[in-house]
Amino acid sequence: MSMSGPLIFERSVPGRRGYVLPPGDVPAVPAADALPEDQLRAIPPRLPEVAEFDAVRHYTRLSQANFSVDTHFYPLGSCTMKYNPKLNERIAALPGFAWLHPLQPASQVQGILQLLHELEQLLCAVTGMAAFTLQPAAGAQGELTGLKIIAAYHRRRRARSTILIPDSAHGTNPASAALSGFTVVQVKSGPDGLIDLQELRRKLTKDVAALMLTNPNTLGLFEREIKTIAALLHEQGALVYMDGANMNALLGISRPGDMGVDLLQLNLHKTFSTPHGGGGPGAGPVGVTKALEEFLPVPRVRKTGARFRWETRGRATVGRVHGFYGNVGVLVRAYAYIRTLGREGLARASRTAIINANYLKAKLQEAFPVPFDDHCMHEFVVTLKPLLAHGVSAGDVAKRLLDYGHYAPTVYFPLIVEEALMIEPTETESRETLDEFAKALVAIAHEAQHNPELVRRAPQRMVVDRVDEVKAAREPNLRYHASPGTASALHASPGDRSIFP
Ligand SMILES: *Cc1c(COP(=O)(O)O)cnc(C)c1O
């Protein structure tokens, strides 16, 4: 028995099959004729022999041992794990989209070309940028593409080698900059959690190619001085790159293009409703001002008269960053999302995301300090540092939340907050869910003071025992076992109150 019932191999019965094939009506080709000798197996692979419903039940049961947006509240800060309307899945799965082949000539695929062309225009309208590439497959790849554009822009004039990055930045920012060959210089946040203008001025040399900033930043705070910041950079001939992963707070309300941003990436899989996490496909389109358009990757969709085509050449292009045209399925979902919500709907989504975050922050504030306290945007960060006195860490609280039936928020990020819990409720959650979540966190804070061992040993109602990440990193062969009573845990809904004192 493994952690959640038998393995599929343990269900295997010799000769049991999940399919019945009709007898063959063509002569069988001996394997040795079909494949070179050295590529044939001596021993057939050991595969489980099970009926179709054994396989279905096994994997469905395993999938239910997990948390997901479709089953639980998922307040994972910086990731915008919002609910994805099923309509967008249906649209992306329409045979006319799903069965396209990227090598089909443009004359056969006018529909998808039109969709991609219109999506570029919609993203321009949402962000205030002049042009977009839809190629990058993730936020981080969008950053890399943006940095290549920044390098190409300066090479035209005088190469520059420094990228300024605030200390609240997502880890991918310095990683992308370093990978692109830039030197990263950190800009410390001021006491209000925003970029410190004095500090920025000090670090802003003639060698600075760009500032990479996130707005709203990862504390969920809007950089109020963004226009002054952009002007400072531009005065020095440097560019402003915005990490647009937090666009969920800005849709229909304000546009980076109007703030002086020169280029940015969007995370369509976060803001524009593609299910993500677990490494699923994403899309990180990069938008630029008119001055930077010539550097965008190729190919680009062009419209001549009523016809669409691919333009494969560009004199100043940074080249291709993805096979074919990017993750088109994600692009279709984003298009459907934007078109179904419309301008007003997008603005309402952002406003609701902001209201939900502020509501939850207000409810939690009595139990947990908010270090950089201001009206937040779509997310906020609390510190659990006071609980350290009881031997309880942010990680313990996150694990305990699972017992209460909620997925855990992001922990230990941003790095400038000790014992950070970064909470992003998103616009799709109801007031009842937010109330329940706040109640759970306050209850855990109470447990931490009066029964810290309960929190330190959490989770106790999950399929897998508590995982000690530190130990697991040291001992890669470490195995975890089923919690006592796992079989019943699988059938009880997470959050079963019977274990609560
Ligand atoms: C998620 C995120 C990224 C990285 O995006 P990926 O699609 O995961 O590569 C970058 N910056 C911020 C602020 C993010 O939240």
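Residues numbered from 1 in each chain as written. Predicted model: local features only at pLDDT ≥ 70, side-chain atom pairs only at ≥ 80, totals over all residues. Heavy atoms only, no water.

Engineer: Give me helix α2 (residues 52-64): which residues, what numbers.
Structural biologist: Compared with an ideal rise of 1.5 Å per residue, which puts 13 residues at 18 Å, α2 spans 18 Å between its outermost C-alpha atoms and is within 8% of the ideal. Within the sequence span of α2, burial applies to D54, H58 and R61. Angular distribution of buried residues about the axis of α2 spans 70°; they occupy a single face of the element. Among the exposed residues of α2, those oriented more than 90 degrees off its buried face are E52 and Q64. (Helix = DSSP H or I, 4+ residues; strand = E, 2+ residues; numbered from the N terminus. Expected span 1.5 Å × (residues − 1). Buried < 20%, exposed > 50% of the residue type's maximum accessible area, 1.4 Å probe, protein only. Arc of directions from axis to C-beta.)

Engineer: Any details on the sheet that holds strand β10 (residues 380-383)? Residues and values, ideally.
Structural biologist: Taken together, three strands build an open sheet; the order of strands is β10-β12-β11 and the sheet is antiparallel. Every interior strand has two partners, whereas the edge strands, β10 and β11 (410-411), have only one. Pairing of β10 with strand β12 (residues 420-423), which is carried by four bridges, proceeds in the antiparallel orientation. The residue of β12 that forms the bridge with T383 is A420. (Pairing = 2+ DSSP bridges.)

Engineer: Now, about the sheet that holds strand β1 (residues 131-133): what can you tell me, with residues and values included?
Structural biologist: Sheet strands pair by backbone hydrogen bonding; their relative direction is either parallel or antiparallel. Reading across the sheet, the seven strands line up as β1-β7-β6-β5-β4-β2-β3 and stay open at both edges, with mixed pairing between neighbours. Pairing within the sheet leaves two strands with one partner each, and these edge strands are β1 and β3 (183-187). Neighbouring strand axes in the sheet, compared pairwise and without regard to direction, differ in orientation by 25° on average. Here five bridges tie strand β4 (residues 208-214) to strand β5 (residues 239-244), and the two strands are oriented parallel to one another. Paired with A210 across the bridge in β5 is L239. Across the sheet, helix α9 (residues 226-235) is in contact with β4 and β5; its angle to β4 comes to roughly 165°. (Axes fitted to C-alpha atoms, helices over the stretch in contact; angles between N-to-C directions. Contact = heavy atoms within 4.5 Å.)

Engineer: Account for empty space enclosed by the protein, with residues named and values stated.
Structural biologist: Scanning the entire structure with this criterion turns up three cavities of 30 Å³ or more. Taken as a whole, the largest cavity spans an internal volume of roughly 90 Å³. What lines the largest cavity is a set of 13 residues, and nearest its centre among them are E120, L134, Q135, P299 and W310. Put simply, the parts of the chain that give the lining of the largest cavity at least two residues each are α5 (110-127), β1 and β8 (300-304). (1 Å grid on protein atoms, 1.4 Å probe; cavity = no way out; pocket = protein on both sides within 12 Å on 5 of 7 lines; lining within 4 Å. Points joined across faces, edges and corners; volume = space filled by probe spheres on them.)

Engineer: A description of the packing of helix α13 (residues 394-403) against helix α14 (residues 431-450) should follow, citing residues and the corresponding values.
Structural biologist: Between α13 and α14, whose axes approach to 10 Å, the crossing angle comes to 125°. It follows that α13 is oblique to α14 by the angle criterion. Relative to α14, the crossing made by α13 is right-handed. The residues of α14 that touch α13, namely those facing V397, R400 and L401, are F437, A440, L441, I444 and E447. When the residues that make up the contact of α13 with α14 are grouped by side-chain class, the tally is six nonpolar, no polar and two charged. (Parallel < 35°, antiparallel > 145°, perpendicular 65-115°, else oblique. Left-handed = near helix turned anticlockwise from the far one by under 90°. Nonpolar A, V, L, I, M, F, W, Y, C, P; charged D, E, K, R; others polar.)

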